[in-house]
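# Coordinates in review
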Amino acid sequence: MSAPLVLGIETSCDETGVGVVRGAELLADALASSVDEHARFGGVVPEVASRAHVEAMVPTVHRALEAAHVSLAEVDAIAVTAGPGLAGALLVGVAAAKALALAAGKPLFGVNHLAAHVAVDRLAHGELPGPCVALLVSGGHSSLLIVPDVTGDVESLGQTIDDAAGEAFDKVARVLGLPFPGGPHIDAAARDGDAQAVAFPRGVVRDAPYSFTFSGLKTAVARWVEAREAAGERVPVADVAASFQEAVVDVLVTRAVAACRDRDVDHLVIGGGVAANSRLRAVAEQRCADAHIRLRVPPARLCTDNGAMVAALGALLVERGAAPASLDLAADPSLSLT
Ligand code: KG4
Ligand code: ZN
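All values reported here derive from a predicted model rather than from experimental measurement.

### A few points about the packing of aromatic side chains
Each aromatic ring pair is characterised by the separation of its centres together with the angle its planes make. With the rule as written, the count across this model stands at two aromatic pairs. Plain terms: the ring middles of Phe-169 and Phe-244 are 5.1 Å apart, the flat faces sit at 75 degrees to each other, and that makes the pair edge-to-face. Highlighted residues: Phe-169 in helix α6 (residues 165-175) and Phe-244 in helix α9 (residues 237-263), separated in sequence by 75 residues. Among the residues examined, Phe-169 registers a relative accessible area of 3% and is labelled buried. Accessibility expressed as a relative area gives 0% for Phe-244, which makes it buried. Considering the side-chain rings of Phe-212 and Phe-214, the 6.1 Å spacing of their centres and the 10 degrees angle between planes classify their relative orientation as stacked. Both residues of the pair, Phe-212 and Phe-214, count as buried.

Below, the structure is given as structure tokens:
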């Protein structure tokens, strides 16, 4: 059988993503984002995101098919994010995928959003060796996973117990007067700053060596900035951004490398929007090289939420002969990995 042509739909948060792949080959990755509509609220507003998905869905599907130079009739399967994510947002994608599958007579596959963040790397660097460790860091999730096979059960080693890493970037950006979403702005500001200027805390979760906590760090930054302001002093934005970023990156990379070492795994995949962070990429590269771990980070565009990642995992399921979902496939906001 030739590589399957799969259309993937992603709507778990604020990006309406529709991707088309042929096996591990990326043909199209169409995206419509409602991020600007959330900016003034300083975070994603679920109802606003759902409505934006409804408006963007049909045009984004058309754009993806056009860019891939294929018709819906040629597609072998439709894949969609079934969860985890925002309930209303997921529902729009799942309903659209069912409608397309029913109308065109195509098999439907519901996929896990986190597993799709891992599977997307096959589009950039070829098939994933199993097992690998995956660090997924975005505005909605911070998880450390061990992945024997991305189409099968995935074991969660740890996750954040409070804020997601990207959420911490967004909240600290707000404290520093930088726009939403804050990650790219902190990344840029930090380039001119001294990462050793302030020793911000590296949060540890008791009895959970692979879990994360960022709320203490976020509060420490806010207190530090408030103290400066109360004393009538100028806040050194670049230094604070660099010192905060260093604390997040240090914690993420230390935990990920420890997971690889403890589990005797020599491949690390990093995904999610925060994987676009230049300091995270640089530190991960350095420490993985030192520990003889092969690091795989997809290009930034495939790290943030997109439809191609869903299509990439869908194609793998088709290749493995997985059974399609029925038309009563449910959107599950807290879908687990097993
Ligand atoms: O994966 P994503 O696009 O959406 C989800 O949240 O699922 O991730 C968005 C998050 C935001 O919190 C944003 O601030 C963060 O990724 N982000 C970054 C960078 N680019 C995006 N964080 C740090 N450095 C960056 N360069
Ligand atoms: Zn995501």
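### Let's talk about the coordination of the zinc ion (ligand 2)
Protein ligation of the zinc ion (ligand 2) involves His-113 (NE2), His-117 (NE2), His-141 (NE2) and Asp-305 (OD), the donor distances falling in the range 2.1 to 2.7 Å. Ordering the donors of the zinc ion (ligand 2) by residue number gives the pattern H-x3-H-x23-H-x163-D. Of this pair, His-113 sits in helix α4 (residues 113-119) while His-141 sits in the loop between β6 (132-137) and β7 (142-147), and the two are 28 residues apart along the sequence.

### Points about the pairing of strand β3 (residues 25-33)
Note: strand β2 (residues 15-22) against β3, eight bridges, orientation antiparallel. When the bridges of β3 are listed, Gly-17 appears paired with Leu-31. Between β2 and β3, which pair antiparallel and follow one another directly, the connecting turn spans two residues, one of which, Gly-23, has a positive phi of 60 degrees.

### Some details on the packing of helix α7 (residues 183-190) against α9
It is the contact of α7 with α9, at a shortest axis distance of 8 Å, that shows an interaxial angle of 110 degrees. Viewed along their axes, α7 and α9 adopt a mutual orientation that is roughly perpendicular. Judged by the sense of rotation from one axis to the other, the crossing of α7 with α9 is left-handed. Where α7 approaches α9, its residues Ile-186, Asp-187, Ala-189 and Ala-190 are matched on the opposing element by Ala-238, Ala-241, Ala-242, Phe-244 and Gln-245. Here the contact of α7 with α9 is composed, by residue class, of seven nonpolar, one polar and one charged.

### Remarks on the domain arrangement of the chain
Taken as a whole, the chain is organised into domain 1 (5-120 + 306-319) and domain 2 (129-298). Measuring from the centre of the C-alpha atoms in domain 1 to the corresponding centre in domain 2 gives 27 Å. Domain 1 puts 17 residues into the contact, and the matching count from domain 2 is 14 residues. For the pair domain 1 and domain 2, the summed buried area comes to about 1200 Å², and 81% of that belongs to carbon and sulfur atoms. Looking only at domain 1, the three residues that lose the most surface to domain 2 are Leu-114, His-117 and Val-118, adding up to 43% of its buried area. Linking domain 1 with domain 2 are zero salt bridges. Summed over the shared surface of domain 1 and domain 2, the number is one residue pair in polar contact (both at pLDDT 80 or more). Elements supplying a minimum of two residues to the side of domain 1 that touches domain 2: α1 (35-38), α4 and α12 (307-319). With six residues, α4 is the largest single contributor of residues to the side of domain 1 that touches domain 2. Here the residues of the side of domain 1 that touches domain 2 sort into twelve nonpolar, five polar and no charged.

### As for the environment of Ala-300
Position of Ala-300 among the secondary structure elements: in helix α11 (residues 300-303). Placed 28 residues apart in sequence, Ala-300 and Gly-272 show a C-alpha to C-alpha distance of 8.7 Å. Excluding its chain neighbours within four sequence positions, the residues that come into contact with Ala-300 are Ala-276 and Arg-281.

### Describing the layout of surface pockets
Of the pockets and cavities examined, the largest pocket occupies roughly 1100 Å³. Contributing to the lining of the largest pocket are 41 residues, with Ser-138, Gly-139, Gly-140, Asp-170 and Pro-181 lying nearest its centre. Elements with a contribution of two residues or more to the lining of the largest pocket: β3, α6 and α7. Class assignment for the residues of the lining of the largest pocket results in 16 nonpolar, 16 polar and nine charged. Two domains each put at least three residues into the lining of the largest pocket: domain 1 (5-120 + 306-319) and domain 2 (129-298). What lines the second largest pocket is a set of 21 residues, among which Gly-110, Val-111, Asn-112, Leu-317 and Leu-335 lie closest to the centre. Put simply, the parts of the chain that give the lining of the second largest pocket at least two residues each are β5 (108-112) and α12. A per-element tally of the lining of the second largest pocket places β5 first, with four residues. A breakdown of the residues in the lining of the second largest pocket according to their chemical character gives 13 nonpolar, six polar and two charged. Two domains each donate at least three residues to the lining of the second largest pocket, and these are domain 1 (5-120 + 306-319) and domain 2 (129-298).

Thresholds, definitions, all that
- Residues numbered from 1 in each chain as written.
- Chains lettered and ligands numbered in written order.
- Predicted model: local features only at pLDDT ≥ 70, side-chain atom pairs only at ≥ 80, totals over all residues.
- Heavy atoms only, no water.
- Phe/Tyr/Trp six-rings, centres within 6.5 Å; stacked < 30°, edge-to-face > 60°.
- Helix = DSSP H or I, 4+ residues; strand = E, 2+ residues; numbered from the N terminus.
- Buried < 20%, exposed > 50% of the residue type's maximum accessible area, 1.4 Å probe, protein only.
- Donors = N, O, S within 2.8 Å, 3.2 Å for Na, K, Ca; no water.
- Pairing = 2+ DSSP bridges.
- Axes fitted to C-alpha atoms, helices over the stretch in contact; angles between N-to-C directions.
- Parallel < 35°, antiparallel > 145°, perpendicular 65-115°, else oblique.
- Left-handed = near helix turned anticlockwise from the far one by under 90°.
- Contact = heavy atoms within 4.5 Å.
- Nonpolar A, V, L, I, M, F, W, Y, C, P; charged D, E, K, R; others polar.
- Domains from an automatic or database assignment.
- Buried area = accessible area lost by both parts, 1.4 Å probe.
- Salt bridge = Lys/Arg side-chain N within 4 Å of Asp/Glu carboxyl O.
- Polar contact = N/O pair within 3.5 Å; in protein donor to acceptor, adjacent residues only side chain to side chain.
- 1 Å grid on protein atoms, 1.4 Å probe; cavity = no way out; pocket = protein on both sides within 12 Å on 5 of 7 lines; lining within 4 Å.
- Points joined across faces, edges and corners; volume = space filled by probe spheres on them.

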